[in-house]
Amino acid sequence: MVDRGWASEQLIEAAQGGDPESLAAVVHGAHPHVLRFAGHLCASPQDAEDAAQEALIVLYRKIGTLRASAALASWMFRVVRHECLRRARRLFDRYDDTGDDPVASAEDEVLRRLEAERVAEAIGALPDVQRRVLIMRDVLGHPGRTVAEALGLSTPAMKSHLHRARTALRLSLRDGVAPPPADPS
């Protein structure tokens, strides 16, 4: 038996079987874990909350289709990751759609969407603080001081994270390699 601390195998199996109290307990128990994970992946706390809520809705609706109760956590985190990436793509599409140039061909449109997906994945691979700084500063256009205050950083620290994020993103897109994992220190 896998110890999740928040959902026993029996509880998950009862929820899969349609027991409403078990399902409510699983969803309630999963919420803080899903929210914490979304907070690391999404660009803003609002996106993290929205992504967590979407993931919990998916859990509520589709827990009966889960094949193995031991796979619940990894399944949930895949749903959260997908939702955060979807939100990042939508953000890029919204800013990209402001151009007035018509698309030359369907092939150009496919290439543009593939590039946007590549950028979204490269940003998603950045360490948490770097990703948030980059999105708030470069995508959303917030002033540096506002970004620093929102993230609890000094302005020089925010600038350092922004520089690192831009460098890692540039290298990732140029070389087609994901940025190195975050340094835990």
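Residues numbered from 1 in each chain as written. Predicted model: local features only at pLDDT ≥ 70, side-chain atom pairs only at ≥ 80, totals over all residues. Heavy atoms only, no water.

Turning our eyes to something else, we now look at the overall build of the protein chain. Looking only at helices and strands, the protein chain has 8 helices and 0 strands in total. The N-to-C order of helical and strand elements in the protein chain reads α-α-α-α-α-α-α-α. Of all 185 residues assigned to the protein chain, the portion counted as buried reaches 36%. For the protein chain, restricting intrachain contacts to residue pairs at least 6 apart in sequence, the fraction spanning at least 24 positions comes to 61%. (Helix = DSSP H or I, 4+ residues; strand = E, 2+ residues; numbered from the N terminus. Buried < 20%, exposed > 50% of the residue type's maximum accessible area, 1.4 Å probe, protein only. Contact = heavy atoms within 4.5 Å.)

Moving on to the packing of helix α1 (residues 9-16) against helix α2 (residues 20-41). It is the contact of α1 with α2, at a shortest axis distance of 7 Å, that shows an interaxial angle of 120°. Our classification of the angle between α1 and α2 gives oblique. As for how α1 packs across α2, the hand of that crossing is left-handed. Counted together, Leu11, Ile12, Ala14 and Ala15 of α1 and Ser22, Leu23, Ala25 and Val26 of α2 form the full contact between these two elements. For the contact of α1 with α2, the per-class residue count stands at 7 nonpolar, 1 polar and no charged. (Axes fitted to C-alpha atoms, helices over the stretch in contact; angles between N-to-C directions. Parallel < 35°, antiparallel > 145°, perpendicular 65-115°, else oblique. Left-handed = near helix turned anticlockwise from the far one by under 90°. Nonpolar A, V, L, I, M, F, W, Y, C, P; charged D, E, K, R; others polar.)

Turning our attention to the packing of aromatic side chains. In total, this model carries 1 aromatic pair according to the counting rule given. Their ring planes at 55° and their centres at 4.6 Å tell us that Phe37 and Phe77 sit as a pair that is tilted. Pair noted here: Phe37 is in helix α2 and Phe77 is in helix α4 (residues 72-96), with a separation of 40 residues, a long-range link. A relative accessible area of 26% means that Phe37 is categorised as partly exposed. (Phe/Tyr/Trp six-rings, centres within 6.5 Å; stacked < 30°, edge-to-face > 60°.)

Attention now goes to the layout of surface pockets. Estimated volume of the second largest pocket: approximately 200 Å³. Taken together, 17 residues form the lining of the second largest pocket, with Leu41, Cys84, Leu85, Ala120 and Gly124 sitting closest to its centre. Listed by contribution, the elements that provide at least two residues to the lining of the second largest pocket are α4, α5 (106-124) and α6 (128-139). Considering each element in turn, the lining of the second largest pocket owes the most residues, 6 residues, to α4. A breakdown of the residues in the lining of the second largest pocket according to their chemical character gives 11 nonpolar, 1 polar and 5 charged. (1 Å grid on protein atoms, 1.4 Å probe; cavity = no way out; pocket = protein on both sides within 12 Å on 5 of 7 lines; lining within 4 Å. Points joined across faces, edges and corners; volume = space filled by probe spheres on them.)

What follows concerns the pattern of salt bridges. Taken as a whole and assessed by the stated rule, the structure comprises 4 salt bridges. We note a salt bridge from Glu83 to Arg86, for which the minimum N-O separation is 2.5 Å. Of this pair, Glu83 and Arg86 both sit in helix α4, separated by 3 residues, roughly a single helical turn. Relative accessible area serves as the criterion here: at 32%, Arg86 is assigned to the partly exposed category. Its salt-bridge partner being Asp128, residue Arg132 comes within 3.1 Å of it at the nearest N-O pair. On the criterion of helical spacing, the pair formed by Arg132 and Asp128 is a turn pair, its members being 4 residues apart in helix α6. Looking at Arg132, the relative accessible area reads 14%, which means it is buried. One salt-bridge network, in which partners are shared between bridges, spans Asp128, Arg131 and Arg132. (Salt bridge = Lys/Arg side-chain N within 4 Å of Asp/Glu carboxyl O.)

Counting 24 residues, the largest nonpolar core has Val34, Leu59, Leu72 and Met76 as the members making the most contacts within it. Taken together, the elements giving at least two residues each to this core come down to α1, α2, α3 (45-62) and α4. The next biggest cluster of nonpolar side chains, apart from the first, holds 18 residues, and it includes Ala43, Leu126, Met136 and Val147. (Core = buried A, V, L, I, M, F, W, Y, C linked by side-chain atoms within 4.5 Å.)

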